[in-house]
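Each chain, letter by letter, is given below.
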Amino acid sequence: MQRIKGYHAHVYFDASTIEQARALCEQAAQLFDLRMGRVHERQVGPHPDWSCQLAFGPELFGQVVPWLALNRQGLVVFLHPETGDELQDHTDHAIWMGALRPLDLSVF
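Cut-offs applied
Residues numbered from 1 in each chain as written. Predicted model: local features only at pLDDT ≥ 70, side-chain atom pairs only at ≥ 80, totals over all residues. Heavy atoms only, no water. Disulfide = S-S within 2.5 Å. Buried < 20%, exposed > 50% of the residue type's maximum accessible area, 1.4 Å probe, protein only. Helix = DSSP H or I, 4+ residues; strand = E, 2+ residues; numbered from the N terminus. Contact = heavy atoms within 4.5 Å. Axes fitted to C-alpha atoms, helices over the stretch in contact; angles between N-to-C directions. Parallel < 35°, antiparallel > 145°, perpendicular 65-115°, else oblique. Left-handed = near helix turned anticlockwise from the far one by under 90°. Nonpolar A, V, L, I, M, F, W, Y, C, P; charged D, E, K, R; others polar. 1 Å grid on protein atoms, 1.4 Å probe; cavity = no way out; pocket = protein on both sides within 12 Å on 5 of 7 lines; lining within 4 Å. Points joined across faces, edges and corners; volume = space filled by probe spheres on them.

Undergrad: Looking at this model, I keep getting lost on the state of the cysteines. Mind explaining?
TA: Structurally, a disulfide amounts to a covalent bond that connects the sulfur atoms of two cysteines. This model, assessed by the stated rule, comprises zero disulfides. For Cys25, which is in no disulfide, the shortest distance to another cysteine sulfur is to Cys52 and amounts to 3.6 Å. Note on Cys25: relative accessible area 0%, which makes it buried. The exposure class of Cys52 is buried, given its relative accessible area of 1%.

Undergrad: Which parts of the structure should I look at to understand the environment of Trp96?
TA: Take Trp96: it is sitting in strand β5 (residues 95–97). In this structure the C-alpha to C-alpha distance between Trp96 and Arg72, which are 24 residues apart in sequence, comes to 12 Å. Among residues more than four places away in sequence, those in contact with Trp96 are Tyr12, Val76, Val77, Phe78, Arg101 and Leu103.

Undergrad: When you look at the packing of helix α1 (residues 18–31) against helix α2 (residues 61–71) in this model, what are you seeing that I'm missing?
TA: Any two packed helices are characterised by the angle at which their axes cross and by the distance between the axes. One can describe the packing of α1 onto α2 by two numbers: an axis separation of 12 Å at closest approach and a directional angle of 150 degrees. It follows that α1 is roughly antiparallel to α2 by the angle criterion. With respect to the hand of their crossing, α1 and α2 are arranged in right-handed fashion. Along its contact with α1, which presents Leu24, Gln27, Ala28 and Leu31, the element α2 presents Trp67, Leu68 and Asn71. In the contact of α1 with α2, the residues fall into five nonpolar, two polar and no charged.

Undergrad: What's the story with the layout of surface pockets in this structure? I'm lost.
TA: Where empty space is left can be seen by rolling a probe of water-molecule size over the atoms. Reported here for the largest pocket is a volume of approximately 150 Å³. Examining the composition of the lining of the largest pocket, we find that three residues originate from one element, helix α3 (residues 86–90), more than from any other. For the lining of the largest pocket, the class distribution of residues is two nonpolar, eight polar and four charged.

Next comes the structure, spelled out in structure tokens:
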């Protein structure tokens, strides 16, 4: 089994939900020992929507994921492990909260 080095949770939003997403990500960064990325008001990498990344270690999975599930208030969250296999991590290993969105896998 591949070793999971960490996780990325990508919170998706649009112009009407940007403040909600920013508040969610900032609250997560205050509550947990994780890194909050930039709030991108454009598509970045394989992501089909605007997004903000939350990066955290495997030891926080059991705290961060349930918190996101209960606090996302309708926002879509795309979660994936970091194993070193980007394609697998973004497809077969991925976890979605909310509607599945089509990723641009050509970047891998």
